[in-house]
Amino acid sequence: MKIMVVMGEYPPEEGERRRQAVLKCATPGTEIGFGVIGATFFRQSNSRVNWLSAGAVVAEIAVKSQAEGYDAVVPFGTLDAGVELARNLVKIPVVGAGQSVLHLGAQLSNRLGVVAYEDKSMPFMRKQMHAWRVADSVVGIRGIGIPLPESTKNREAMRGRFIEVARELIDKHDAEVIVPMGVTMVPVQYSPQEMAKELGVPVMDALKTSIQTAEMMVRMGLTHSVRTYPLPAAPSH
């Protein structure tokens, strides 16, 4: 099985840190390919701008990946950039980390607490949650106040803020499961098991969920419906 993971541009050390996290998520025997797009996920913290600007490039890599024999495509991160467009262009599964982790979380509880990098990401997250029909299961969204590009140098502060806002969601909003909507928080910098042990509730791993959802769909022979995502008609000559 071959899965293409589409990543934005990162400084070399940051990119390698994320590639290693991806490889740890795959089951033995799964081959992971990496496609890099000239997007600014790491430099620009406007979620909606990133989502809009990267979509067509992600879809282009999905088309190329299908032609090269890949079995599924997973855009890196919870923005799910290009997922909707790519599903209209390829037959292989295209799995979004944000959509898949929230749907998995909703199977565990109908009271999800979501942790984001920054407050300004929340309006776009809410729009996505409504589109994915999971908004009713989310009891609150809180930002840790640390932009993605500053995550490594503020690693310890990130951990402290994550625990603080997650605890607030649990204690004040009755969240029963914590969903980090930022894979740099979990699992790139910290493991979900470490956070769950400290918080006393399950902590989701969006990166592992997306990779293993793609694996499951390939094994089951499933992909998105062509009635939902009709392929464009072949050009007539």
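Presented here is a report on the structure given in the accompanying data block. (Residues numbered from 1 in each chain as written. Predicted model: local features only at pLDDT ≥ 70, side-chain atom pairs only at ≥ 80, totals over all residues. Heavy atoms only, no water.)

## Let's talk about the sheet that holds strand β3 (residues 72–75)
Here is step 1 of the chain: If you walk across this open sheet you meet the three strands as β2-β1-β3, and the pairing is parallel. In this open sheet, the two edge strands, each paired with only one partner strand, are β2 (31–36) and β3. Pairs of neighbouring strands in the sheet enclose a mean axial angle of 25 degrees, with direction left out of account.
Here is step 2 of the chain: Here strand β1 (residues 2–7) runs beside β2; their pairing, made up of six bridges, is parallel. (Pairing = 2+ DSSP bridges. Helix = DSSP H or I, 4+ residues; strand = E, 2+ residues; numbered from the N terminus. Axes fitted to C-alpha atoms, helices over the stretch in contact; angles between N-to-C directions.)

## Quick word on a nonpolar patch on the surface
Here is step 1 of the chain: Residues Val63, Leu85 and Leu89 make up a contiguous nonpolar surface patch of roughly 210 Å² in combined accessible area.
Here is step 2 of the chain: Along the chain, the position of leucine 89 falls in the loop between α3 (83–87) and α4 (97–108).
Here is step 3 of the chain: Judged by its relative accessible area of 34%, leucine 89 falls in the partly exposed class. (Patch = residues over 30% accessible without salt bridge, like charges linked within 9 Å, V, L, I, M, F, W, Y side chains within 5 Å. Areas by Shrake-Rupley, 256 points an atom, 1.4 Å probe, with all protein chains shown as cover. Salt bridge = Lys/Arg side-chain N within 4 Å of Asp/Glu carboxyl O. Buried < 20%, exposed > 50% of the residue type's maximum accessible area, 1.4 Å probe, protein only.)

## What to know about the layout of surface pockets
Here is step 1 of the chain: For the largest pocket, the calculated volume is near 330 Å³.
Here is step 2 of the chain: Lining the largest pocket are 18 residues; nearest its centre among them are Arg87, Val94, Gln99, Met217 and His224.
Here is step 3 of the chain: Taken together, the elements giving at least two residues each to the lining of the largest pocket come down to α4 and α9 (206–220).
Here is step 4 of the chain: Looking at which element gives the most residues to the lining of the largest pocket, the answer is α9, with four residues.
Here is step 5 of the chain: Among the residues making up the lining of the largest pocket, the classes are represented as eight nonpolar, nine polar and one charged.
Here is step 6 of the chain: Quantified by volume, the second largest pocket comes out at close to 220 Å³.
Here is step 7 of the chain: Every residue along the wall of the second largest pocket is listed here: Arg17, Gln20, Ala21, Lys24, Cys25, Pro187, Val188, Ser191, Pro192, Gln193, Asp205 and Lys208.
Here is step 8 of the chain: In terms of residues, the lining of the second largest pocket owes the most to one element, helix α1 (residues 12–25), which gives five residues.
Here is step 9 of the chain: Of the residues in the lining of the second largest pocket, the class split is five nonpolar, three polar and four charged. (1 Å grid on protein atoms, 1.4 Å probe; cavity = no way out; pocket = protein on both sides within 12 Å on 5 of 7 lines; lining within 4 Å. Points joined across faces, edges and corners; volume = space filled by probe spheres on them. Nonpolar A, V, L, I, M, F, W, Y, C, P; charged D, E, K, R; others polar.)

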